[in-house]
Amino acid sequence: MITYSTENVKFPNIKRRETTAWIRRVAATYGKKVGEVGYLFCDDEHILDVNREYLGHDYYTDIITFDYCEGEVLNGDLVISLDTVRSNADLFKKDYDEELHRVIIHGILHLCGQNDKGPGEREQMEAAENAALALLAAQNPKPSIR
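Criteria and thresholds
- Going along each chain's sequence as written, the residues are numbered from 1 onward.
- Restriction of local features to residues with pLDDT of at least 70 applies here, the model being predicted, together with a cutoff of 80 or more for giving and counting side-chain atom pairs; totals for whole chains, interfaces and linings are based on all residues.
- Heavy atoms throughout the structure, all of them, feed into the side-chain values; hydrogens and water do not.
- Only one rule defines a salt bridge in this text: a Lys or Arg side-chain nitrogen within 4 Å of an Asp or Glu carboxyl oxygen.
- Helix and strand assignments follow DSSP, with helices taken as H or I runs no shorter than four residues and strands as E runs no shorter than two, numbered in order from the N terminus.
- The buried label applies to any residue whose accessible area, calculated with a 1.4 Å probe on protein chains only, is under 20% of its type's maximum; exposed applies above 50%, and partly exposed to all values in between.
- Here, strands pair whenever DSSP counts at least two bridges between them.
- Convention used here: a crossover is right-handed provided that the path from the first strand, over the helix, to the second strand proceeds clockwise when the strands point away from the viewer.
- Note on method: axes are straight lines fitted to C-alpha atoms, helices fitted across the in-contact stretch only, with angles between N-to-C directions ranging 0 to 180 degrees.
- In this analysis, two residues are considered to be in contact whenever any of their non-hydrogen atoms come within 4.5 Å of each other.
- Within 6.5 Å between ring centres, the rings of Phe, Tyr and Trp (the latter by its six-membered ring) count as paired, and their orientation is classed by plane angle as stacked under 30 degrees, edge-to-face over 60, tilted in between.

Which residues make up the pattern of salt bridges, and what values go with them?
In this structure the tally under the stated criterion is 6 salt bridges. A salt bridge links E72 to K32, with the nearest nitrogen and oxygen atoms 3.4 Å apart. You can see E72 sitting in the loop between β3 (63-67) and β4 (73-81) and its partner K32 sitting in the loop between α1 (16-29) and β2 (33-42), a full 40 residues away along the chain. Judged by its relative accessible area of 47%, E72 is partly exposed.

The following block contains the structure:
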């Protein structure tokens, strides 16, 4: 089960059922099944508190992933700062919704075993994010205007 909640922010404009189906499809491409995954959308101050308390880091970030996976079953908590997602979208000149979906799937990719801290791993993660976003686009094609 995938759950979505908020802390100090309004719920983002995502379609829960479509997002959940997409997450399951991405996990399946890694041979994984989704167990208990919880998303918490929050503001910068809340994610900073989480980062300090649980990781000992004193900085803002877009996502923190807590991995509780068991074998091929994905379990985890993903904390996403909508403030930082918005800042990053502006910084990288990306659409906010695309950046939000990139961060949503970034945490799932971590649960699937993808890393982004070592040599070459950031590029691999970005390629995996792009492949996942392509799956989402195929799942939700934009209507054509004639």
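On we go from here.
Talk me through the pairing of β2; I want residue IDs and the actual numbers.
Of all 10 residues making up β2, 8 are buried, and the element is well covered by its neighbours. Across 6 bridges, the pairing between strand β1 (residues 2-7) and β2 is parallel. In the sheet register, S5 faces β2, and the bridge partner there is L40. Tracing the backbone out of β1, into α1 and back to the parallel element β2 gives a crossover that is left-handed. Note that β2 and β4 share 8 bridges and pair parallel. Residue pairing in the sheet places G38 in a bridge with D77 of β4.

Requested: an account of unusual backbone geometry, with residues and values cited.
Here the phi dihedral of N8 falls at roughly 70°; this positive angle occurs in a residue that is not glycine. Mapped onto the elements of the fold, N8 is located in the loop between β1 and α1. Take N8: its relative accessible area is 56%, and that puts it in the exposed class. Positive phi, close to 55°, is recorded for K93, a residue that is not glycine. Along the chain, K93 turns up in the loop between α3 (82-91) and α4 (96-111).

Any chance you could break down the sheet that holds β3 for me, citing the residues and the numbers?
Here we have 4 strands laid out as an open sheet, ordered β1-β2-β4-β3, and mixed in their pairing. Looking at strand neighbours, the two that pair on one side only are β1 and β3, the edges of this open sheet. Across the sheet, the mean angle separating the axes of adjacent strands is 15° when strand polarity is ignored. Strand contacts of helix α2 (residues 44-55): β1, β2, β3 and β4, with the helix running at about 40° to β3, the strand carrying the most contacts. Across the face of the sheet, α4 comes into contact with β2, β3 and β4 while running at roughly 145° to β4.

So what's going on with the packing of aromatic side chains? Which residues, and what values?
Under the criterion given, the structure shown has 5 aromatic pairs. Summarising the aromatic geometry, the rings of F11 and F41 are spaced 5.7 Å apart at their centres and angled 85° between planes, so their arrangement reads as edge-to-face. Of this pair, F11 sits in the loop between β1 and α1 while F41 sits in strand β2, and the two are 30 residues apart along the sequence. A relative accessible area of 0% means that F41 is categorised as buried. Measuring from centroid to centroid gives 6.2 Å for Y39 and F41, while their planes differ by 10°, and the two rings are stacked. Exposure class is identical for Y39 and F41. Each is buried.

Read these as geometric descriptors, not functional statements.
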